[in-house]
Structure formats: C-alpha cells, structure tokens
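Commentary on secondary and tertiary structure
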Protein chains: 2
Amino acid sequence: MPATNISLPVNDAVASAHSAFSEYKKTSPAQKVLFLQAIAAEITAAGPAIIPVTQKESNLPLPRLEGELIRTTKQINLFADLLKEGSWVRAVIDVKENPATDIRQMQVPFGVVAVFGASNFPFAFSVAGGDTISALAAGCPVVHKAHPAHPETAAMIAACIHRAAEKTGMPPAVFTTVEGFEAGMQLVNHPLVSAVAFTGSFRGGKALYDAAVKREKPIPVYAEMGSVNPVFILPHALQQNGYDIASKLVASNLLGTGQFCTNPGIVVMPPLHDAKSFLDTSAQIIGSSKGGVMLTSGIHEAYKTGVQKFGEHKGVTVKATGAIEEEKATPHLFVTTADEFLNDEHLQEEVFGPSSLFVETDDKAALYNIASALHGQLTATIWGTEEDLKEYADLITILEDKAGRLLINGVPTGVEVTAAMVHGGPYPATTDSRTTSVGTDAIYRFTRPVCYQNFPQFLLPDALKDENPLGIVRKSLGH
Amino acid sequence: MPATNISLPVNDAVASAHSAFSEYKKTSPAQKVLFLQAIAAEITAAGPAIIPVTQKESNLPLPRLEGELIRTTKQINLFADLLKEGSWVRAVIDVKENPATDIRQMQVPFGVVAVFGASNFPFAFSVAGGDTISALAAGCPVVHKAHPAHPETAAMIAACIHRAAEKTGMPPAVFTTVEGFEAGMQLVNHPLVSAVAFTGSFRGGKALYDAAVKREKPIPVYAEMGSVNPVFILPHALQQNGYDIASKLVASNLLGTGQFCTNPGIVVMPPLHDAKSFLDTSAQIIGSSKGGVMLTSGIHEAYKTGVQKFGEHKGVTVKATGAIEEEKATPHLFVTTADEFLNDEHLQEEVFGPSSLFVETDDKAALYNIASALHGQLTATIWGTEEDLKEYADLITILEDKAGRLLINGVPTGVEVTAAMVHGGPYPATTDSRTTSVGTDAIYRFTRPVCYQNFPQFLLPDALKDENPLGIVRKSLGH
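Small disclaimer: the values here were computed from a predicted structure and weren't measured.

The subject of this paragraph is a negative patch on the surface. Residue and element names in this part refer to chain A. A grouping of D339, E360, D362 and D363 is seen on the molecular surface, where their side chains present a negatively charged patch. Note on placement: E360 falls in strand β12 (residues 355-360). Using a relative accessible area of 36% as the deciding quantity, one classes E360 as partly exposed.

Take a look at the structure:
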C-alpha cells in the first residue's frame, strides 16, 4: 500500500500508527482521559530536567520556558476535561415513530495524523503541543516530525508520551516520531496518513499543502503560517492615549524577540498631527530597545534579509532601530505611506522578528482601502474610543472577512487557550480558515461526522446509545 | 482584481454578488428567515407551472417530481427554522474577571459561494437545492451555474428566488446565475469566489477541486461525487430473510432508474449455499424488470459504456439483464469473486444507473479484505441478525472509516433531511469528508469561526451580546 519511494523509518512509523488506530479508536473516553493526564504528569515531572536542555537549544529565556511548559500541561489537561465532559462529539439523535426513523450522528477520528513541530514554541506547539494533543484527544494516532531546532527536547518529551502510553495501556504506536526534511515530505505523501498539522513559515506550510492536495487521495492540511496581524489606530484613541498605545504595541512587537505568529507587524495610523507624536514615541521606545538571540541562526538570517529588504525599499523609511549587537536581532521600526503600501503587496509580507511597519494614511478612505487590501490574518486589532468605533464601524465588517480573531484596544500576542479562541484565519494565515489550532475546537481538525442509521442499541457507539452511558449532553430531535 | 481571462458575465455576476455580500451579511436572522420562507412559497406557487417543464427536461416521472418539489420547499423551511432557533452559530462566550478576559466566538459567512446544479435532482440539488439554500442561510450570496440538462427549470426556479429577494428586501445580487462549462471553470477561478459546492460525477468534481487548490488563494470545494454504496449480507440474515433482502435491495437499485448517489452498486455475499438462492432471487427480479429513460442521453451513453465494460471483464459474469428497450437503460446484475474484486480497482467504479455487482466471498477474511479495500463511500450497509452483527462486529469498525453513513438492515436510497444526517464521506465519495451536503449541518460548509476579543457590547454581533437579544442557546464559560 505505501508508495515505494517512502523510506523505511517513515513506512514503519506510519504502518505501526495505522495498526494502533483500530485499537486506539476503541479505547473509551475515560481511558483517553487517563492517557492525556499521564502525559501532562510525565512532562511536569520531567520539566526540571527538560527545561535547561530546551534553553540551550532554543535560546529562549528560562522564565518563558517555565511558563510555556505549564501552559502546555494545562492545555493537555484542558483536552482531558473536554473528553471527560464528552459533548464535543456533537451527538445528534433523531428517532421518529412515523415514518420509522432512527438516525444518529457523532464525530469520529480520521486516522493517522502527521504533526510538524514548530520552532518558536518548543513545548506548546511541538511534540506534546496543541496539534499532537488535539489529535490524540480526537482518537487519532500521531506521527510527529520533530523540529530540527530542538531535537533533544523533542526526544525527552516524546519519551514522556511513551511512558504515559505504557502506564495507561495505550498501544505504543499511538505516538511515534520521524526526523528530517525528507521524512516530513514522505509523511505527507504516505497513503495511510489522513491529515497534517503544521505551524511555521508560509513556504513550509504551502509546500505541505501542495503535496497533500496532489495525492491520489487528497488529505486536509492545517498549516498555521503566521501573519502580520495589522493594528488600526483610530483618531480619538490616538489623541487621548497615544503614549499608552505606543508602549503597549511596541512591547507586544518586541516580546520574545518578536518570534510570535501574532506579533503586530503592521500599524495603520490616521491622518493626524497626533500621529507624529505617537510615531515618535514608538520610535523612541524602539530606539532604546535591545534585541535578543533568535531561535535559530536560520531564523536570524531570514530576519536580517527581511529588514534589509524593507530598508532598501524606496517607499519605506527606517524610523528607528534598537541596539545592534553581535548574534542578536536588532529591532526595527519602518514607516511607509498608504499609497506605497497599496502599490506593493510585498510590504504585507511577514518579517518574523522584532520589526514593524507603520503605515500613514491620508484619510478614512485610505484606511479602509488598506483594510480591504489585506491578505488573510490570524488577528486584526483596532484601537479606538467609543466615538471612533462608531464612526469606523465598517472597519469591523471588513476585518471580519480578513482575520480569525478581532481585538479592540488590546495586543494580539498572548493567545488564550479556551473554547472561545480562534487561532486561525483566512489564507495565507492558514490553509484552512474553518479551524483553529489553539483552544478545544482544535480537535475538530481530526474528526469527521458519521451517521448511524437503524442501528440496534448494542451496536451503537456509547455516545449514541439510548441509555446515554457516558452521561453526555446530546441533541435529540423528533421526540 | 478578477483575473483577466474571466468572461464578462461571470465577472459581473461575481462582482455584484460580492457587493451584495457586505449588505446581506448585515441582514438579521429574522430577515433571512423571511427570505428563505418566501423562496419556498414562490416555488410552491410556481410548482404547477414548473413541474411539466421539468418533466420534459429530465424524463423523470411526475409523482417523483411532485415529491421532490415538496422535499425541496420543506428543506428550505428547515433552514429557515434553523436560523429562527439560532444556536447553529455556535456562540461561545468566555468572560473572566481575573485575569480580565472577554473572548467570544461565533460562525460567520465565508463570502460568495459558487453552486453547481446536479442533473439527477432538478429541484432538491439544483437551483434552490440544499447547496444554494445552506449557503444563503449561512449569509453567503450564491452564484449558481445551472445544469445544462434542465435550463428552463433552472430559469423558473431562479425567478422564484429573485421574486423572494425582491419581496423581502434582499440585495438582488444575493443570487445570480451563469451558464455553460467555461463559465463554471471561470467561477471556480474567480478571486472573489470563496467556496464551491457541487454534486455530480467524480470527473467533474475532481476538476473543480484541482482548479480550486491551484488558485493563488485556494478555496474549499465541497464536491459530492457519488459512490457504489457497498452492501454486506451476513450469513444468518441471508438464510432467514434472503428473499426479503433481495427484493428490497434490487428495488433500491432500480429506483429512479438507478440514478441516485446512494444507489447500492456493490453487494458482498457470504460463502453459503443460501447465497445461491439469494442471487437467483435477485437475478429473477432483475430479469423481469424494465428500465427507464435516463436523465440525459449523455448519462445513458455513459451507462451503456459502463455496463459494457463490466460485461466484457473476464472476471465478471452477467447474471441477469432487464428488458431491452429503445432509449431506455437496461438493468444489469453482474457477479464476480472476491479475488477478482480485490485484484482490479476498476470494479469499484460507479456505473451510474440500474446496475449492480454482486461479489461472492469464500470466508469471513475475504469479506473483511473487501471492506478494507473499499474506497471512500457515501454509505455502507450491513444486513445481519443479532448473531451476525456480533460475530462481524469488526466490520463496523472498518466501514466507519470508509463511509459517511452506516446502515443496518435497510437500503441506502432515501436520504432523510435531518440534523442527524451525513450525506458525505471519505474521498472519492466527496472532496471533504468533514461535511455533509444534506441536513442542516450543510450550513457549516460556508462558515468559519471568528473570535471577538475585548469588544464593547455595542460592537458585538447580536449573537454574542450579554443581553442575548436573539434569545439563542449559547455556551458560556468562565463564570
């Protein structure tokens, strides 16, 4: 069955994961809850040993890594709670007597999922991160392609998952790993892989998408490819809180050396005298800022190339730069006009790191034109007073079609892990705007609905039995 | 913005639909309810004038068309009811005080949707069929590409929608039509089209999918491309009810001259002496059956080619044929062995019309091998006694991964329009197994989640306001 050009390690990993699927999908929600909780417990226990290794591999500061590890285990337990509560399967029961009808529906797992670890969240979006955990929660075995930026961390976390599987009696191949770029592409092309999750660059995500849709049997790819997370500052807010907004926005832009998918990379300013002071304040903060060591030298090189391109752009001015230090990314603040921005789509490209582009507009129409010209985004933010927001109400209507998450008077960094979160958005922010990669709804990336018609009770999945042995909330029709 | 190789009618249709989108998405659920109900009322009123025209265009018998028209208006009213009830938007509200969090989520419409009418359901899957109505219910304008098999019907139903839009104050371009193959491909390639719905052949659906994923901005394609809807007969059921099962299955196969996506095209039989009598009964019914005039001469030609291919296959026997009449499709019953079936994937191909292939198995293992080798299906059916179903329990586990709908002791034709229905399934039955094209969940093909963070009350969509002005069921967290 597997294509012949797929290497043995990938074939072995996928074949064993596929065998594990039929066993794993039969485990009860309670058994999966124990498995997920055991993963969280193993990671918490191993944390003190893992964090120093990750610190070396990622250059991320210790407090950040400690926080991220806690966030990761919290996220795992959140999915355990989701399975415990049980209504996520969206059970619908339609039983009628005349004409006799017995139709029931619920979500079932897809099959083997390939997960690609991200560089910028070695815990939360990597081996036992949101993609892996939501797939495991859905009932799908995971073959994980570790990010080369943190191989030792990946191995240590993988060992936690394996210990948890062993302790809770799960098939060992419910989680396996492969390594290397080639293995990653083979994974996407493997006929027994049924979905792909990825967080990273546009180039990487698009390559996986292109491979997946060309397969004999195409499969879904959930690639979160980042965005520039535009921020619109409206006139009264700027007048009243210019300094405050500048401080918060720049801090968000510099956070973690700018290495967040939700980093605010574009700031659209209104045509006001006050914009100058807002801009000057921002420039001052950037000017006195220090950069940091980036996740990898490759990311640092890409950042340098990105800021150089903007710096050499004839329509763009370098307004401020932070400290220039060996091996560290230098923060950059660029400024351009609405016309320049609208005339060159490249100015919408993400420069992953502590860089932002401020766009000066001449009037409301220009601001709307910019909003309309935006590509798909993970987030879009508006700073405005009540007066502003009423005057610019159509801006929300426009941005609703552009982003997965809209914010008022806040910063886009800091993504809450909740059932209400959407960390996703129209292409090219992601390859599937119907989904989220953060929050419990992430589970639906790995399930599909199945309808059971005229089934005797003993054959129905527990979630659909009349007696409701799982005690879950269900939708009943036809009574 | 639109690509230059797109013809004026398509450009005009999409551009006006796109303009209508910003207006239409702002209409309240109550306004959309009135619009949908008006469409149903207009169609009901025009029914007596439309049905004779459709009868001529489709060759479908009058009672069937009368029934289909009622089904279509019922379906429209079902979506009106869905909007009235309102919980379909999946509103989630997460408000916490410490740390201050206000995150809310709901489904929002995609944008302009291209809908391709089907030939075999000139009402229920065509101009005002499930695809159009679920897109309109979601808040998406529709550009409809009429099926060339029933152009006058299409024009008459389109006029009903236009009258309904006028009477209820909707933007006229909320529904527009284009014609012709070229226009269809241009529609899929138009940058302002955001999703595609199609019901028809694998070739047609796959061509749309391939075009959509190659766009600069890929868009989802929901193509329902039919399937062979395998039926497994288990030993005791066959012994006890062979005659009954044969009658029901053959009737389902011949229904509407076999022109249903859920037509049972493959029947897998156990290794029993009784299988012979089951087969003979089926052959006898087919042998004394009459065919019918098919929807189009093209479909009839394709059917003749299909049965000829099976007839000439060295591993396949023609067991029975129905009446041979000029201009009518002749029913066919073919028989093959498990080995032949497993060795030639072509034997899984759909022959659209009153043809079926019975597969004789040697043992349980062969039956499981056939189930495992099946491509994606809309439906899979098992006939079995309680004893059978317990003995063959793993068959359900296998078929769950193969089909969108599983049936026990029933026939797959006759798709109930209910919230519990899944009319979909793994590729190649559809291009997106996560969705259904029948039932109210069809609406989610045209929506995406958006998250509203830290919004003042007056800016929130009604569905997410604290006071819940729409009075809908919502999920509240964090309290």
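Okay, back to it.
Turning next to the environment of Y303 of chain A. Residue and element names in this part refer to chain A. Structurally, the position occupied by Y303 is in helix α10 (residues 297-312). When its relative accessible area of 2% is taken as the criterion, Y303 is described as buried. Separated by 230 residues in sequence, Y303 and T73 place their C-alpha atoms 31 Å apart.

Turning to unusual backbone geometry, a few remarks are in order. Residues and elements named next belong to chain A. Across the junction of Y427 and P428, the peptide omega takes the value 5°, indicating a cis bond. Locating P428 in the fold gives a position in the loop between β14 (403-408) and β15 (447-453). At N229, a position not held by glycine, the phi torsion is positive, near 45°. Checked against the element boundaries, N229 lands in the loop between β7 (221-224) and β8 (231-233). For N229, a relative accessible area of 0% puts it in the buried group.

Bringing the nonpolar core into the picture now. Among the nonpolar cores identified, the biggest contains 202 residues, and I39 of chain A together with I39 of chain B are the most heavily contacted of them. Ignoring sequence-local partners within four residues, the contact set of I39 of chain A consists of I76, A128, I133, L136, I161 and A164 of chain A. If you look at the next biggest cluster of nonpolar residues, it comprises 53 residues, including F116, L192, V196 and M225 of chain A.

All names here are of chain A. Reading across from one edge, β5-β4-β3-β6-β7 is the order of the 5 strands in this open sheet, with parallel pairing throughout. Both edges of this open sheet fall to β5 (175-178) and β7, since each of them pairs with a single strand only. Strand-to-strand twist in this sheet, taken as the mean axis angle between neighbours without regard to direction, amounts to 20°.

Here the focus is helix α12 (residues 364-373) of chain B. Burial in α12 of chain B covers these residues: A366, L367, Y368, I370 and A371 of chain B. Residues of α12 of chain B that are buried make contact with β8 (231-233), β9 (266-269), α11 (338-343), β12 (355-360), α13 (386-391) and α14 (393-400) of chain B.

Before going further, it helps to spend a moment on the sheet that holds β15 of chain A. Strand order across the open sheet formed by 11 strands is β16(A)-β1(A)-β2(A)-β15(A)-β14(B)-β13(B)-β8(B)-β9(B)-β12(B)-β11(B)-β10(B), with mixed pairing between neighbours. Edge positions in the open sheet fall to β16 (475-477) of chain A together with β10 (317-321) of chain B, since each of these has one partner strand only. Averaged over all pairs of adjacent strands, the angle between strand axes in this sheet comes to 20°, irrespective of strand direction. Bridge count for β15 of chain A against strand β14 (residues 403-408) of chain B is 3 bridges, and the pairing is parallel. Across the sheet, residue Y452 of chain A finds its bridge partner in β14 of chain B, namely L406 of chain B. Here α14 of chain B sits on the sheet in contact with β2 (101-109) and β15 of chain A together with β8, β13 (377-383) and β14 of chain B, set at roughly 155° to β14 of chain B.

Quick look at the relation of the copies chain A and chain B now. Overlay of chain A on chain B (RMSD 0.0 Å): rotation 180°, translation along the axis 0.0 Å. Put plainly, the chains are arranged around a two-fold axis. When C-alpha distances to the rotation axis are compared across chain A, the minimum falls at V213 of chain A, with a value of 3.5 Å.

What follows deals with the interface of chain A and chain B. Contacts between chain A and chain B engage 61 residues on the former and 61 residues on the latter. Along the contact surface separating chain A from chain B lie 8 salt bridges. For K25 of chain A, the salt bridge goes to E400 of chain B, with nearest N and O atoms at 3.0 Å. Across the contact surface, chain A and chain B share 40 residue pairs in polar contact (both at pLDDT 80 or more). Those elements that place two or more of their residues in the side of chain A that touches chain B are β1 (92-96), β2, α7 (202-214), α13 (386-391), α14 (393-400), β14 and β15 of chain A. Ranked by the residues each element gives to the side of chain A that touches chain B, the list is headed by β15 of chain A, at 7 residues. In terms of residue class, the side of chain A that touches chain B is built from 32 nonpolar, 11 polar and 18 charged.

We now examine the packing of aromatic side chains. Under the definition given, this model contains 22 aromatic pairs over all chains. Summarising the aromatic geometry, the rings of Y24 of chain A and F35 of chain A are spaced 6.2 Å apart at their centres and angled 85° between planes, so their arrangement reads as edge-to-face. Of this pair, Y24 of chain A sits in helix α1 (residues 8-24) while F35 of chain A sits in helix α2 (residues 29-58), and the two are 11 residues apart along the sequence. Take F35 of chain A: its relative accessible area is 0%, and that puts it in the buried class. Among the aromatic residues, those joined into a ring-pair cluster are F121, F125 and F260 of chain A. It is R64 of chain B that lies over the ring of F121 of chain B; its NZ or CZ is 4.8 Å from the centre. Between the NZ or CZ atom of K390 of chain B and the centre of the ring of F458 of chain A, over which it lies, the distance is 4.7 Å.

Under the defined criterion, the tally for this structure stands at 43 salt bridges over all chains. The shortest N-O distance in the salt bridge between R434 of chain A and D432 of chain A comes to 2.8 Å. The class for R434 of chain A is partly exposed, based on a relative accessible area of 21%. Overlapping salt bridges, with partners in common, bring together D432 and R434 of chain A together with D432 and R434 of chain B in one network.

Residues and elements named next belong to chain A. Split into domains, chain A comes out as domain 1 (8-225 + 430-477) and domain 2 (231-408). Computed over C-alpha atoms, the centres of domain 1 and domain 2 are 34 Å apart. Counting residues at the interface gives 13 residues for domain 1 and 11 residues for domain 2. For the pair domain 1 and domain 2, the summed buried area comes to about 850 Å², and 61% of that belongs to carbon and sulfur atoms. Taken as a group, N59, N120 and E224 account for 46% of the area that domain 1 buries against domain 2, more than any other trio of residues on that side. Between domain 1 and domain 2 we count 0 salt bridges in total. Counting across the interface, domain 1 meets domain 2 through 3 residue pairs in polar contact (both at pLDDT 80 or more). Grouping the constituent residues of the side of domain 1 that touches domain 2 by class yields 4 nonpolar, 6 polar and 3 charged.

The rules behind each value
- Residues numbered from 1 in each chain as written.
- Chains lettered and ligands numbered in written order.
- Predicted model: local features only at pLDDT ≥ 70, side-chain atom pairs only at ≥ 80, totals over all residues.
- Heavy atoms only, no water.
- Patch = residues over 30% accessible without salt bridge, like charges linked within 9 Å, V, L, I, M, F, W, Y side chains within 5 Å.
- Areas by Shrake-Rupley, 256 points an atom, 1.4 Å probe, with all protein chains shown as cover.
- Salt bridge = Lys/Arg side-chain N within 4 Å of Asp/Glu carboxyl O.
- Lys, Arg positive; Asp, Glu negative; His and termini not counted.
- Charge placed at Lys NZ, Arg CZ, Asp CG, Glu CD.
- Helix = DSSP H or I, 4+ residues; strand = E, 2+ residues; numbered from the N terminus.
- Buried < 20%, exposed > 50% of the residue type's maximum accessible area, 1.4 Å probe, protein only.
- Core = buried A, V, L, I, M, F, W, Y, C linked by side-chain atoms within 4.5 Å.
- Contact = heavy atoms within 4.5 Å.
- Pairing = 2+ DSSP bridges.
- Axes fitted to C-alpha atoms, helices over the stretch in contact; angles between N-to-C directions.
- Least-squares fit on C-alpha atoms with pLDDT ≥ 70 in both.
- Polar contact = N/O pair within 3.5 Å; in protein donor to acceptor, adjacent residues only side chain to side chain.
- Nonpolar A, V, L, I, M, F, W, Y, C, P; charged D, E, K, R; others polar.
- Phe/Tyr/Trp six-rings, centres within 6.5 Å; stacked < 30°, edge-to-face > 60°.
- Lys NZ or Arg CZ within 6 Å of the ring centre and 35° of its normal.
- Domains from an automatic or database assignment.
- Buried area = accessible area lost by both parts, 1.4 Å probe.

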